[in-house]
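# Secondary and tertiary structure notes
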Amino acid sequence: MKPFIFDTRNGIHIIDLTKTLTQLETACSFLREKVIEGGQVLFVGTKKQAQEAVKETAKACGQPYVVERWLGGTLTNMKTIKRSMGRLREIEKLVADGTVDHFGKQEGARLRRELARLIKNLDGIRNMERHPSALFVIDVRREHNAVAEARRLKIPVVAIVDTNTDPTIIDFPIAGNDDAIRSVRLILSVIGQVITQARAEFEAKYGKKGTAQEQPAPAGATVSKEQPAEAVPAAPAATQVPAAPEPVQETPATALPVHESSEPAVPQAVQAGQNG
């Protein structure tokens, strides 16, 4: 962290805020690109003083979060995590429709305790169906397991790095004090605003439930369905056109000679004159 330290006074390292600002701008630009592409940013902050701030920011910008305990394999073993989330939804359904009340007293109490534990650990990531596009970590030393899993899966990590942290393992480090809640809230507010704006742009372009990869497919599907619908009526029209002229051409051909040879108008006029 030496390049990011401005000075040392009374044994306390003072961070160079000009470099912090540059790093924050770079991190915000990166996260904005990921969210506009339809990606998610997983917020990780299990430190006591940062839990509430991380949870509020993640909810405000509609991103997943982990603030209680990082479960081993959250990223590297998502199959197990998804089974636990399925169990969470199953118990929630039993409680919602009152089925759990028909169980025994001990069984019902056990299910409610299991539900509380699952909500505590998985509530923030229940809507995370795939790997996030990036991680935002508050304390790198404390969240070393999350950082290790992200590095293993080559998921970019944005983190607040303090003077006791190795910034080389972080893709987008932001030099700052990760113990002071005012410092954490300030950086979180900036990150949250950028992600909220990027998410609004994405939803305006692709819709709330769409993604950048899903939208072109439905558009192409509707075009392919409309083209055959227009071609079907055109085919019968093309087949009826040659059939219609044939009787029309034959009828005048037979009618003209009859009128020319018989000449009914002249005899009628002559007979009318003679009779007169």
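## A closer look at the packing of helix α1 (residues 17–36) against helix α6 (residues 181–206)
The packing of two helices is summarised by the inter-axis angle and the distance between the axes. Here α1 crosses α6 at 30°, and the two axes come no closer than 8 Å. The orientation of α1 relative to α6 falls into the category roughly parallel. Read as a crossing pair, α1 and α6 show a hand that is right-handed. Between α1, through L24, C28, L31, R32, V35 and I36, and α6, the contact on the second element is made entirely by I187, V190, I191, V194, I195, A198, R199, E201 and F202. Classifying every residue of the contact of α1 with α6 gives twelve nonpolar, no polar and three charged.

## Examining the environment of R112
In this fold, R112 is placed in helix α4 (residues 105–122). Since its relative accessible area comes to 41%, R112 is described here as partly exposed. Along the chain, R112 and V100 lie twelve residues apart, while their C-alpha atoms are 8.8 Å from each other. Ignoring anything within four residues of it in the chain, the contact list for R112 reads V100 and D101.

## Section: the nonpolar core
Formed by 33 residues in total, the largest nonpolar core has its most connected members in L42, L122 and L135. Listing elements by their share of this core, those giving two or more residues are β3 (41–44), α3 (78–96), α4, β5 (134–137), α5 (144–152) and β6 (157–161). In contact with L42, other than residues within four places in its own chain, are P64, Y65, V66, W70, L75, I125, M128, P132, A134, L135 and F136.

## Things to note about the pattern of salt bridges
If you walk through the whole model with that rule in mind, you get 15 salt bridges. The partner of K47 in a salt bridge is D139, with the nearest N and O atoms 2.7 Å apart. Of this pair, K47 sits in the loop between β3 and α2 (48–60) while D139 sits in the loop between β5 and α5; the two residues are 92 residues apart in sequence, bridging distant segments of the chain. Considered together, K47 and D139 belong to a single accessibility category, that of buried residues. Between E114 and R87 there is a salt bridge, with the nearest N and O atoms lying 3.0 Å from each other. A residue pair is termed long-range when its members are at least 10 positions apart, and E114 in helix α4 and R87 in helix α3 qualify at 27 residues. Classification of R87 by relative accessible area gives partly exposed; the value is 25%. Overlapping salt bridges bring together R87, E90, E107, R110 and E114 as one network.

## Here we look at the environment of D16
With respect to the helices and strands, the residue D16 is situated in the loop between β2 (12–15) and α1. Given the relative accessible area of 16%, D16 is considered buried. A C-alpha to C-alpha distance of 4.6 Å links D16 and F6, two positions ten residues apart in sequence. Other than its neighbours up to four places away in sequence, D16 contacts F4, I5 and F6.

## Here we look at the layout of surface pockets
To find leftover empty space, a probe the size of one water molecule is rolled over the atoms. In this structure, the second largest pocket occupies an estimated 260 Å³ of space. Looking at the second largest pocket, it is lined by 13 residues, and the ones nearest its centre are L17, T20, S183, L186 and I187. Listed by contribution, the elements that provide at least two residues to the lining of the second largest pocket are β2, α1 and α6. Grouping the amino acids of the lining of the second largest pocket by side-chain chemistry returns nine nonpolar, four polar and no charged.

## Details of the sheet that holds strand β4 (residues 65–66)
Spatially, the five strands line up as an open sheet ordered β4-β3-β5-β6-β7, and their pairing is parallel. Every interior strand has two partners, whereas the edge strands, β4 and β7 (172–175), have only one. Sheet topology note: the β6/β7 ladder contains four bridges and is parallel. Among the inter-strand pairings, A159 is bridged to a residue of β7, identified as P173. Sheet strands in contact with α6 are β3, β5, β6 and β7, and its direction is about 165° off that of β3.

## Brief notes about the packing of aromatic side chains
For the structure shown, the criterion picks out three aromatic pairs. Here the aromatic rings of F30 and F172 are separated by 4.2 Å at their centres, their planes lie at 20°, and the arrangement is stacked. Pair noted here: F30 is in helix α1 and F172 is in strand β7, with a separation of 142 residues, a long-range link. The class for F172 is partly exposed, based on a relative accessible area of 22%.

Reading the values: the criteria
- Residues numbered from 1 in each chain as written.
- Predicted model: local features only at pLDDT ≥ 70, side-chain atom pairs only at ≥ 80, totals over all residues.
- Heavy atoms only, no water.
- Axes fitted to C-alpha atoms, helices over the stretch in contact; angles between N-to-C directions.
- Helix = DSSP H or I, 4+ residues; strand = E, 2+ residues; numbered from the N terminus.
- Parallel < 35°, antiparallel > 145°, perpendicular 65-115°, else oblique.
- Left-handed = near helix turned anticlockwise from the far one by under 90°.
- Contact = heavy atoms within 4.5 Å.
- Nonpolar A, V, L, I, M, F, W, Y, C, P; charged D, E, K, R; others polar.
- Buried < 20%, exposed > 50% of the residue type's maximum accessible area, 1.4 Å probe, protein only.
- Core = buried A, V, L, I, M, F, W, Y, C linked by side-chain atoms within 4.5 Å.
- Salt bridge = Lys/Arg side-chain N within 4 Å of Asp/Glu carboxyl O.
- 1 Å grid on protein atoms, 1.4 Å probe; cavity = no way out; pocket = protein on both sides within 12 Å on 5 of 7 lines; lining within 4 Å.
- Points joined across faces, edges and corners; volume = space filled by probe spheres on them.
- Pairing = 2+ DSSP bridges.
- Phe/Tyr/Trp six-rings, centres within 6.5 Å; stacked < 30°, edge-to-face > 60°.

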